[in-house]
Amino acid sequence: SLPLSPGPLVLLSPCPEKSKMRNQKSLTALAIAIAVLLWASSFPVIRSAVGGYPYPGAMALLRFSVASLALALYALATGRLKLPDKKLLPYVFLCGFLGITLYQTLLNYGESIVSAGAASLLINSAPLWTALLAVPLLGERFTTRKTLGAITGFLGVLLITLGKPSPTGHYF
């Protein structure tokens, strides 16, 4: 008698583990592609939406209220809610204020006066600011090479900022 077939997946792939790894890599690549697409499209979406809100913080508040609710429901449904240590809460709130509230409000305001393309390039100057803040806050040293890199980066920011006015006539 003939042995029973183990199934089509095993027949197509001599090693099911390799097939599973290939599938995982494909899912990872797809997730990265979706994240890049959503990130890149956020700037024109913000630009088109920001005019419909009374002030830049209103849109940020709406976006993160919806996101917070969705994440809270997910955390409750999956049981993956782990609160930070109480002594870390001031730092968590500071990071939330700077990294979400302030960042998003300023981004929304910036998108109301410069193009979406300029905003996306300017917002990606964050590593320059991080490098500068690392000097007084972390004691980092600026070598000649780092200094030249920072100057070059800020000249690029300056060119983008002053290059042409936005539709409202602003240069910054």
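Attention in this report is confined to the structure presented alongside it. (Residues numbered from 1 in each chain as written. Predicted model: local features only at pLDDT ≥ 70, side-chain atom pairs only at ≥ 80, totals over all residues. Heavy atoms only, no water.)

1. Things to note about the overall build of the protein chain
When its secondary structure is counted, the protein chain shows 7 helices and 0 strands. Listing every helix and strand of the protein chain by position from the N terminus yields α-α-α-α-α-α-α. The buried share among the 172 residues of the protein chain stands at 17%. For the protein chain, long-range pairs separated by at least 24 residues make up 60% of all intrachain contacts whose partners lie at least 6 apart in sequence. Summing over all exposed atoms, the protein chain offers an accessible surface of approximately 13400 Å²; the carbon and sulfur share of this is 73%. (Helix = DSSP H or I, 4+ residues; strand = E, 2+ residues; numbered from the N terminus. Buried < 20%, exposed > 50% of the residue type's maximum accessible area, 1.4 Å probe, protein only. Contact = heavy atoms within 4.5 Å. Areas by Shrake-Rupley, 256 points an atom, 1.4 Å probe, with all protein chains shown as cover.)

2. Considering the packing of helix α6 (residues 126-138) against helix α7 (residues 144-163)
Each pair of packed helices can be described by the angle between their axes along with the distance between the axes. Running from N to C, α6 and α7 cross one another at 135°; their axes reach a closest spacing of 10 Å. The pairing of α6 with α7 is recorded here as oblique in orientation. In the crossing of α6 with α7, the sense of the turn from one axis to the other is left-handed. Touching Leu 128, Trp 129 and Leu 132 of α6 are Gly 149, Ala 150, Gly 153, Phe 154 and Val 157, all from α7. When its residues are assigned to classes, the contact of α6 with α7 shows 6 nonpolar, 2 polar and no charged. (Axes fitted to C-alpha atoms, helices over the stretch in contact; angles between N-to-C directions. Parallel < 35°, antiparallel > 145°, perpendicular 65-115°, else oblique. Left-handed = near helix turned anticlockwise from the far one by under 90°. Nonpolar A, V, L, I, M, F, W, Y, C, P; charged D, E, K, R; others polar.)

3. Here we look at the pattern of salt bridges
With the rule as written, the count across this model stands at 1 salt bridge. In this structure, Lys 146 and Glu 140 form a salt bridge, with 4.0 Å as the shortest nitrogen-oxygen distance. Residue class for Lys 146 comes out partly exposed when judged on its relative accessible area of 41%. Looking at Glu 140, the relative accessible area reads 39%, which means it is partly exposed. (Salt bridge = Lys/Arg side-chain N within 4 Å of Asp/Glu carboxyl O.)

4. A word on the packing of aromatic side chains
Applying the stated rule across the entire model yields 2 aromatic pairs. Plain terms: the ring middles of Trp 39 and Phe 43 are 5.8 Å apart, the flat faces sit at 85° to each other, and that makes the pair edge-to-face. Pair noted here: Trp 39 and Phe 43 are both in helix α2 (residues 16-49), with a separation of 4 residues, about one helical turn. Taken together, a centroid distance of 4.9 Å and an interplanar angle of 75° make the contact between Trp 129 and Phe 154 edge-to-face. With a gap of 25 residues between them, Trp 129 in helix α6 and Phe 154 in helix α7 connect regions that are remote in the sequence. (Phe/Tyr/Trp six-rings, centres within 6.5 Å; stacked < 30°, edge-to-face > 60°.)

Remember that the coordinates give geometry; whether it matters functionally is a separate question.
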